[in-house]
Amino acid sequence: MSLTAGIVGLPNVGKSTLFNAITKKNILAANYPFATIDPNIGVVTVPDQRLDFLNNLYKPASLVPTTFEFTDIAGLVKGASNGEGLGNKFLSHIREVDAIVEVVRCFDDKNIIHVENTVDPIRDIEIIEVELILADLEIIDNRINKIGKKAALSQDKEVKKEAELLTRLKEALEKNQTIRSLHLEEEEQKAIKAFNLLTAKPIIYMANVSEDNLLVGTNEYVEKVKEYASKEGSSVIVVCAKMESELSNLSEEEKKEFLQEFGVAEGGLDQLIKATYSLLGLETFFTAGSDEVRAWTFKTGMKAPQCAGIIHSDFERGFIKAEVMSYEDLVACGNEKGVKEAGKMRLEGKDYLMKDGDICYFRFNV
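Predicted model only: the values in this text are computed from it and were never measured. (Residues numbered from 1 in each chain as written. Predicted model: local features only at pLDDT ≥ 70, side-chain atom pairs only at ≥ 80, totals over all residues. Heavy atoms only, no water.)

*Asks:* Now, about the overall build of the protein: what can you tell me, with residues and values included?
*Replies:* Helices and strands together make up the secondary structure of the protein, namely 15 helices and 13 strands. Total accessible area on the protein is roughly 18400 Å²; 48% of this is exposed by carbon and sulfur atoms. (Helix = DSSP H or I, 4+ residues; strand = E, 2+ residues; numbered from the N terminus. Areas by Shrake-Rupley, 256 points an atom, 1.4 Å probe, with all protein chains shown as cover.)

In structure tokens form, the structure reads like this:
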């Protein structure tokens, strides 16, 4: 289960600098660098210190972290929903992602021209929001036109229910309300999932500041973005794209020293991954042995068979039991033998809800 996020923003807000820094990242080890899939997609490994412990304990032939995929969307301009700039190309790319990361310029620099001539992060956010709303309206209008007559004449309850939902969404969008702000029921979310509506996607704002402002931790622009985000329940990460670019060329030790000098606990990418995992309700389980230690991403609330299916569909289809120990118990007991002797190794069945940090061996028979 790979996580995908689309990085968006107006031109000259620091988006490309941030993306370039991200795709140079090699968080865990030299064996797991980013991989460039095509010119605008980069894959990085997800930082997880628990893998270091498991690697030292099992000394596996292979160590495989989970990955995080970023798509760098071309700079958006007014009228994108009508084809301005890269228009529909921008929108088609972003429809496939799980979450949106919007880079917002929160710094003054006379040498970097703003596409709107002045620095105003809220105006920038609203420009992008309007374009996404207009794009969603087009999708919904097309669907309503397709099923409207059928819904009016048919006795099919499902068709009528879909038409009513789409009409409600259209009315909200016409009032400049995003779909994510409507807090739809789970059944309603499933009904519109196939449309990949842009304003239904969760969003994180990355406030790009200068190095001086990063030391302080905020500025007037950042405070405006935080106030805006709080109204819709979104997160804000303060980052300096220029610094992230410098960090991307350093070793892990050099990076730690660099951050300490600035009084920053962790880099922007690490903050972003943690925030996005939380936003999407994602957690990690592990499989571990001498052949391979591997981290796997799953959604909170998934049961053992479903998580087994992430590894291979046969594991879910023929699921029998899961041998489970927690990462904390393994650390406390020192090794698997110690976990078993302490009575901490468990056999779990089909109804077991997986927990973050579970280390599993799945028994199955097909």
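*Asks:* Which residues make up a negative patch on the surface, and what are the values?
*Replies:* Side chains of E253, E254, E257 and E261 sit close together on the surface and give a patch of like negative charge. Here E257 falls in the partly exposed class, since its relative accessible area comes to 47%. (Patch = residues over 30% accessible without salt bridge, like charges linked within 9 Å, V, L, I, M, F, W, Y side chains within 5 Å. Salt bridge = Lys/Arg side-chain N within 4 Å of Asp/Glu carboxyl O. Lys, Arg positive; Asp, Glu negative; His and termini not counted. Charge placed at Lys NZ, Arg CZ, Asp CG, Glu CD. Buried < 20%, exposed > 50% of the residue type's maximum accessible area, 1.4 Å probe, protein only.)

*Asks:* Residue-level account of the nonpolar core, with values.
*Replies:* By size, the foremost hydrophobic cluster in this structure holds 59 residues, and its most contacted members are F68, F70, C106, Y205 and M206. C106 has contacts with P121, A207, N208, V209, N213, N219, Y221, V222 and V225, leaving out every residue within four places of it along the chain. If you look at the next biggest cluster of nonpolar residues, it comprises 15 residues, including A308, I310, F319 and C360. (Core = buried A, V, L, I, M, F, W, Y, C linked by side-chain atoms within 4.5 Å. Contact = heavy atoms within 4.5 Å.)

*Asks:* Explain the layout of surface pockets to me, using residue names and the numbers behind them.
*Replies:* Considered as a void within the structure, the largest pocket measures approximately 1200 Å³ in volume. Elements with a minimum of two residues in the lining of the largest pocket: α6 (186-192), α8 (220-232) and α11 (268-280). Considering every element that reaches the lining of the largest pocket, the biggest residue donor is α6, with four residues. The residue inventory of the lining of the largest pocket, partitioned by class, reads 13 nonpolar, seven polar and 11 charged. (1 Å grid on protein atoms, 1.4 Å probe; cavity = no way out; pocket = protein on both sides within 12 Å on 5 of 7 lines; lining within 4 Å. Points joined across faces, edges and corners; volume = space filled by probe spheres on them. Nonpolar A, V, L, I, M, F, W, Y, C, P; charged D, E, K, R; others polar.)

*Asks:* Explain the environment of E162 to me, using residue names and the numbers behind them.
*Replies:* You can see E162 is positioned in helix α5 (residues 157-174). Accessibility expressed as a relative area gives 18% for E162, which makes it buried. For the pair E162 and E188, spaced 26 residues apart in sequence, the C-alpha separation works out to 8.7 Å. Residues in contact with E162, not counting those within four places in the same chain, are R143, I147 and F195.

*Asks:* Tell me about the packing of aromatic side chains, residues and numbers included.
*Replies:* What the rule picks out here adds up to eight aromatic pairs. Centroid distance Y205 to Y228: 6.2 Å. Interplanar angle 85 degrees. Geometry classified as edge-to-face. Of the two residues, Y205 is situated in strand β7 (residues 203-208) and Y228 in helix α8; the sequence distance between them amounts to 23 residues. We classify Y205 as buried; its relative accessible area is 0%. Summarising the aromatic geometry, the rings of F285 and W296 are spaced 6.3 Å apart at their centres and angled 15 degrees between planes, so their arrangement reads as stacked. Taken as a pair, F285 in strand β9 (residues 282-288) and W296 in strand β10 (residues 292-299) lie far apart in primary sequence, 11 residues in all. W296 carries the same exposure label as F285, and that label is buried. Here the aromatic residues F285, W296, F298, F319 and F362 are joined through ring pairs into a cluster of three or more. R105 extends its terminal NZ or CZ atom over the ring of F107, reaching a point 4.5 Å from the ring centre. (Phe/Tyr/Trp six-rings, centres within 6.5 Å; stacked < 30°, edge-to-face > 60°. Lys NZ or Arg CZ within 6 Å of the ring centre and 35° of its normal.)

*Asks:* Talk me through unusual backbone geometry; I want residue IDs and the actual numbers.
*Replies:* The backbone of N176 shows a phi angle near 65 degrees, a positive value even though the residue is not glycine. Positionally, N176 belongs in the loop between α5 and α6. Assessed through its relative accessible area of 49%, N176 is described here as partly exposed. Despite not being glycine, N196 shows a phi value in the positive range, around 50 degrees. With respect to the helices and strands, N196 occurs in the loop between α6 and β7.

*Asks:* Summarise empty space enclosed by the protein; cite the residues concerned and give the values.
*Replies:* Rolling a probe over the atoms, with the probe sized like a water molecule, indicates the empty space that remains. Per the counting criterion, the structure on display carries one cavity of 30 Å³ or more. Its volume calculated, the largest cavity comes out at about 60 Å³. Lining the largest cavity are E102, I125, I128, E129, L132, T178, R180, T199, I203 and Y205. Sorting the residues of the lining of the largest cavity by element identifies α4 (121-153) and β7 as the ones contributing at least two each. By residue number, the principal contributor to the lining of the largest cavity is α4, which donates four residues.

*Asks:* Account for the side chain of T284, naming residues and giving values.
*Replies:* With respect to the helices, strands and loops of the structure, T284 is situated in strand β9. Dropping the residues within four chain positions of it, T284 is found in contact with D48, R50, Y277, A295, W296, F298, K355, D356, G357 and D358.

*Asks:* Requested: an account of the environment of G349, with residues and values cited.
*Replies:* Looking at the secondary structure, you find G349 in the loop between β12 (346-348) and β13 (358-364). Each residue touching G349, except ones within four places of it in the same chain, is listed here: A304, F319 and K321.

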